[in-house]
Each structure stands twice: as C-alpha cells, then as structure tokens.
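Coordinate inspection notes
Read off the chains here:
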Amino acid sequence: MEPIQVGLFGIGTVGNGTFQVLARNQEEIRRRAGRGIEITMVADLDVERAKALVGDRAKVVSDAREIIANPDIDIVVELIGGYGIARALVMEAIAAGKHVVTANKALLAVHGGEIFAAARDKGVMVAFEAAVAGGIPIIKALREGLTANRIEWIAGIINGTTNFILSEMRDKGLDFAEALQDAQRLGYAEADPTFDIEGVDAAHKATLMSAIAFGIPVQFDKAHVEGITGLQAVDIRYAEQLGYRIKLLGITRRRAAGIELRVHPTLVPAKRLIANVEGAMNAVMVQADAVGTTLYYGKGAGSEPTASAVIADLVDITRLQTADPSSRVPHLAFQPDELHATAVLPISEVITAFYLRLQVADEKGVLANITRILADCDISIDAVLQRESAEGECQTDLIILTHETAEGSMRGALASMQALPTVLAPIVSIRKEELA
Ligand code: NDP
Ligand code: HSE
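Now for a quick tour of the structure. (Residues numbered from 1 in each chain as written. Chains lettered and ligands numbered in written order. Predicted model: local features only at pLDDT ≥ 70, side-chain atom pairs only at ≥ 80, totals over all residues. Heavy atoms only, no water.)

This part is about the overall build of the protein chain. Summing up its helical and strand segments, the protein chain has 15 helices and 17 strands in all. Relative to the globule expectation of 22 Å for 436 residues, the C-alpha radius of gyration of the protein chain, 24 Å, shows essentially globular dimensions. Dimensions of the protein chain, computed from C-alpha atoms along their principal axes, come out at roughly 80 × 45 × 35 Å. When burial is assessed residue by residue, the protein chain has 56% of its 436 residues classed as buried. Taking contacts inside the protein chain between residues at least 6 apart in sequence as the whole, the part at least 24 apart equals 73%. Split by element, the accessible area of the protein chain, about 18,200 Å² in all, is 50% carbon and sulfur. For the protein chain, the separation between the mean place of its 42 positive charges and that of its 56 negative charges on side chains is 3 Å. (Helix = DSSP H or I, 4+ residues; strand = E, 2+ residues; numbered from the N terminus. Rg over C-alpha atoms; globule rule 2.2 N^0.38 Å. Buried < 20%, exposed > 50% of the residue type's maximum accessible area, 1.4 Å probe, protein only. Contact = heavy atoms within 4.5 Å. Areas by Shrake-Rupley, 256 points an atom, 1.4 Å probe, with all protein chains shown as cover. Lys, Arg positive; Asp, Glu negative; His and termini not counted. Charge placed at Lys NZ, Arg CZ, Asp CG, Glu CD.)

Following this line, the structure appears as structure tokens:
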C-alpha cells in the first residue's frame, strides 16, 4: 500500500521534531500503522529555514493553503499555534475533507466546539494528544484506557514552565522573578511567558481533560484561572514546614452540583508522588471509580517528546481512516449527542481546604478572634502554626490550615479577618488538596 501523505503547517520546535522522528523511526511506525506515513509537504513562513530542515524529502511552501488544495494529502498537522491563522487553516482543511492533528491546546480549548462539529459533519478526525501534557499519552488514557470508569477527578501538573519555577523557588529559595529569569535563560519559558505564569496554558489543558472526563462541551470561559505570579517564597517555606509542597495544579472534579474546573497554586502533601514532580516535568493524577488512582508522568513539552504524541495521532488516523466515522473513538470520548450540559461551578461553590497566612499583632485575644470568625463561617481548623517572635518583635505570622469548605464561606471569613485591626497585612490564602 502507498504511504499516507501528510502536510505539515509550521516547522518550528514541534514541527521539526515531528518531521525528524517520523523519518528516523519510519520503518517501526509503518509496521505498527500497517502503512507508511510520509510528510510530503511543509508550509512555513521561513521557507529557507524549512528547506534546510527537510532537504529534498518534502516540498516546502510558504502558503499552507497549497497543502489544503493538494488532493493527495489526507492528513494535515497544525503546529503553528494560537487562535488566528491556525484556526482558519484547521477549518479550511476540515472543509476540504482532511483529517487534522494538532498540538494547539489554546485553539481547541476556545474553539473546540466549532472545530469538532465541523469535523463530524465532514466525517474527518481531529486528533490532539500533544495538546495536553506533551509526550504523556493522557488523552488516549482518558478517552480509551479508562473508558470503563466513572471518572471522579483529575489533578495535573500540566505546565512545565511554572513547575520549573516553583521547583527553583523551593530548592534555591529564589523569589518568583529570579526563578522566572532562570526559566527564560534555560529556554523553558517563552520570551512572553504570560500564558504559562498566569495559568492560562494549564487552564487550556484542564478544559480539554474536563470535557473528555465528564462528557461536557469544552468551556474554557468557565474555568477559574490563577497563576503563580503572586506566590511568595515565604509561603513555600511554611508549606514545607507543614509537610506540603506548592504546585500549580489544573483540577477538574465531579460534584453533585456540577463540575469544578480550576487552575491555581495548591498545597499538596509532600508524600504524594505528584508533589515530587520537579523541574519542567508534567504529571496527571486521575481518580476513577473502578481503577482507583492512576498517575501519568513524563515530559510535557519539547521537540521530540511532543512529536511522539503528534505521531501517535498520525498512526491512529492511518489505522482508522477507512473505518466508518460512527465506529471511530469520538473526539471527546463520549458520543457527540451524549454530551451533557452539566454546569461548570462558579469558584464560590468550589470546595477545598485552605492554607492561610496572617501577619498579626502578637498580643492576647488575636488568635481567639480569628478562630471565632472561622467558626462563625462554619470553617473548621485543621492545624495552626505560629512563628516564634524575635526578642522585642510585636508582630508574628499565624499559619492556619483549614478543613474543606465552600470558597464562598472562606471569602466571607477572609473579609471579616482582614477587617480586624490586629491583622496587619493582606491575608495570603492558598487552596490545599489532599489528593487522597
Ligand atoms: P514554534 O513557534 O516553534 O513553531 C511555529 C512555526 O509555525 C514557526 O516555524 C513559524 O514560522 C510557523 N508559522 C507561523 N505562521 C505560519 C503560517 N501562517 N504558515 C505556516 N507556518 C507558520 O511553535 P512550537 O513548535 O513550540 O508550537 C507549535 C504548537 O505546539 C503550538 O500550538 C504549541 O502550543 C504546541 N505545543 C508546543 C510544545 C512545545 O514544547 N514547544 C508542547 C506542546 C504543545 P516563523 O518562525 O517563521 O514565524
Ligand atoms: N509552555 C508549555 C509548558 C509548553 O511550559 O508546559 C507545553 O504545552
């Protein structure tokens, strides 16, 4: 059988990795796919650079629409990124009857509904393993491997840049700004790292996992997103003293009232495996009713790790290309007419435990007033730590760990505590998850 022909949009970091790994492992991949897979056309704005990378193994063009117009190309791989030209090209490729592979989590988290609907109408596949946690096959695990289960929650370290920064802050006692500089120097963070450090990239990925886990539409606009820019080294140290690590987690959880979908810094018990995922590595924990807890770990970014996921999608499409579209694995795991409109809960209804740090006057009655406010708001205390004051010092840090509470109750309590004259600085609150 003739090899299946693939067109590549964008030969940057992931595009080049995909081209090189596919060429290097082509024989193994052919034996698995049952047919050769060849990238025969590449589109990139920098044609000279692209030609230098692919040599005479593929035709290089500057306009991706030349690939869409080629009837010999069955699959296009979109590795440009963003919602602009990438969205237009993906929609045009689908309209032209091409299958699509993409690593573009931003595009799918925001426009996934429209893209999957268009693909369904045309009977083509849109595959996106590389869009979540890079080289870790988490989409395959959620969509197929765990298909027997009722998934209860997912919690993941799904942004390598922020995990690297948090590791540096903890290991070396650096402040956020210094650790970010290190991440940029080592090439983990983009020159403009806003999407990483503000939690947006992780929220894109959590949104996709939430849709697949619970059979709901992709709804990035409903996600609660907090990054790590406000995190202080002192809280990482206190968390450590209490037996916790702070990680930026993407969390989605099924509750009776709806679905939680959130990204924020989180205290996690230091003894959990996920708390020990360091540097730019990713890990995703899935809690499901039949299998229990499973953990997926690996490189969440980088040229060849991400290419590994892109090529896995190419193999899947090659195998399933001739299958009746209704017999293929649905894009979002559940049959399209079986997606539920279960509400994504507002952050005020999310239930978590909390770490609180209060800078307080070191005088009698202070702790009593604070615990009374928490009790009045129906919030139960789990542990309290007070920093020993230095000689002559008249203020101290009070660290409180609470049991689980609705976020709305905690916000009320925080407002009341902040109003106490003995609370001397803005209260720091960080959510805490036991992930048991
Ligand atoms: P790069 O910026 O390295 O590569 C993008 C490439 O697309 C560049 O070569 C760029 O050319 C080219 N390009 C831009 N516009 C066009 C266009 N109109 N037509 C054709 N080519 C164009 O990005 P990455 O490889 O890092 O990322 C690609 C995608 O993969 C993104 O969606 C990203 O989020 C995702 N991803 C990336 C990971 C990583 O580790 N890098 C991990 C997981 C997902 P030029 O440089 O000349 O502008
Ligand atoms: N910027 C992302 C990260 C790349 O740091 O994890 C992979 O999606």
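Right, let's talk about the pattern of salt bridges for a bit. Enumeration according to the criterion identifies 34 salt bridges in this entry. A salt bridge links K140 to E144; the shortest N-O distance between them is 3.4 Å. Pair noted here: K140 and E144 are both in helix α7 (residues 138-145), with a separation of four residues, about one helical turn. The exposure class of K140 is partly exposed, given its relative accessible area of 30%. One salt bridge in this structure joins E407 and R411, with 3.2 Å as the shortest N-O distance. Here R411 and E407 lie together in helix α15 (residues 407-418), a separation of four residues that amounts to about one turn. Here E407 falls in the buried class, since its relative accessible area comes to 4%. Overlapping salt bridges bring together R170, D171, E240, R245, K247 and E278 as one network. (Salt bridge = Lys/Arg side-chain N within 4 Å of Asp/Glu carboxyl O.)

Now for the site of ligand 1. Lining the immediate environment of ligand 1, one finds 21 residues, of which T13, V14, D44, K105 and G302 sit closest. Taking G12, its main chain carries an N or O atom lying 3.5 Å from an oxygen atom of ligand 1. A distance of 2.9 Å is found between an oxygen atom of ligand 1 and a backbone nitrogen or oxygen belonging to T13. Relative to its unbound accessible area of 900 Å², ligand 1 is 72% covered by the protein chains. Grouping the amino acids of the shell around ligand 1 by side-chain chemistry returns ten nonpolar, seven polar and four charged. (Near = heavy atom within 4 Å. Polar contact = N/O pair within 3.5 Å; in protein donor to acceptor, adjacent residues only side chain to side chain. Nonpolar A, V, L, I, M, F, W, Y, C, P; charged D, E, K, R; others polar.)

What follows covers the pairing of strand β15 (residues 395-402). Among the eight residues of β15, seven are classified as buried, and the element is accordingly described as predominantly covered. Bridge analysis of strand β13 (residues 351-361) against β15 gives seven bridges, and the strand direction is antiparallel. In the strand pairing of β15, Q359 is matched with D397. Two elements, strand β14 (residues 381-386) and β15, share five bridges in a ladder whose sense is antiparallel. (Pairing = 2+ DSSP bridges.)

A full pass over the atoms with the stated rule returns one aromatic pair. Arranged with centres 5.6 Å apart and planes meeting at 45 degrees, the rings of F116 and F128 form a pair that is tilted. Here the residue F116 occupies a position in helix α6 (residues 105-122), and F128 occupies one in the loop between β6 (126-127) and α7, the gap between them amounting to twelve residues. One exposure class covers both F116 and F128, and it is buried. (Phe/Tyr/Trp six-rings, centres within 6.5 Å; stacked < 30°, edge-to-face > 60°.)

In spatial order, the strands read β3-β2-β1-β4-β5-β6; together these six strands make up an open sheet with parallel pairing. The sheet is open, and its two borders are formed by β3 (59-61) and β6, each paired with just one other strand. As defined by bridge partners, strand β4 (residues 75-78) adjoins strand β5 (residues 99-102) across four bridges and the pair is classed as parallel. Its bridge partner being in β5, V77 is matched across the sheet by V101.

On to the packing of helix α5 (residues 85-95) against α6. Put simply, α5 and α6 touch, their axes get as near as 9 Å, and they point 10 degrees apart. Taken together, α5 and α6 sit at an angle that is classed as roughly parallel. In this structure, α5 meets α6 at a crossing whose hand is right-handed. Note on element contacts: α6 touches α5 through L107, H111, E114, I115, A118, A119 and K122, opposite A86, R87, V90, M91, I94 and A95. When grouped by side-chain class, the residues that make up the contact of α5 with α6 number nine nonpolar, one polar and three charged. (Axes fitted to C-alpha atoms, helices over the stretch in contact; angles between N-to-C directions. Parallel < 35°, antiparallel > 145°, perpendicular 65-115°, else oblique. Left-handed = near helix turned anticlockwise from the far one by under 90°.)

Along strand β2 (residues 37-43), six of the seven residues are buried, which leaves the element largely enclosed by surrounding structure. In terms of strand pairing, β2 meets β3 through three bridges, oriented parallel. Counterpart to M41 in the pairing with β3 is K59. In terms of handedness, the path from β2 via helix α3 (residues 47-54) over to β3 forms a crossover that is right-handed. (Right-handed = clockwise from strand over helix to strand, strands pointing away.)

Positive phi values are uncommon outside glycine, yet A333 reaches one of about 75 degrees. Considering the arrangement of structural elements, one finds A333 in the loop between α13 (303-320) and β13.

In the vicinity of ligand 2, the contacting residues are K105, N159, G160, T161, D196, D201, K205, G300 and A301. Within the side chain of N159, an N or O atom sits 3.4 Å from an oxygen atom of ligand 2. T161 places a polar side-chain atom, nitrogen or oxygen, 2.7 Å from an oxygen atom of ligand 2. In the complex, the protein chains occlude 84% of the 260 Å² of accessible area that ligand 2 would expose alone. In the shell around ligand 2, the residues fall into one nonpolar, four polar and four charged.

The values reported here are purely geometric and, on their own, carry no functional implication.
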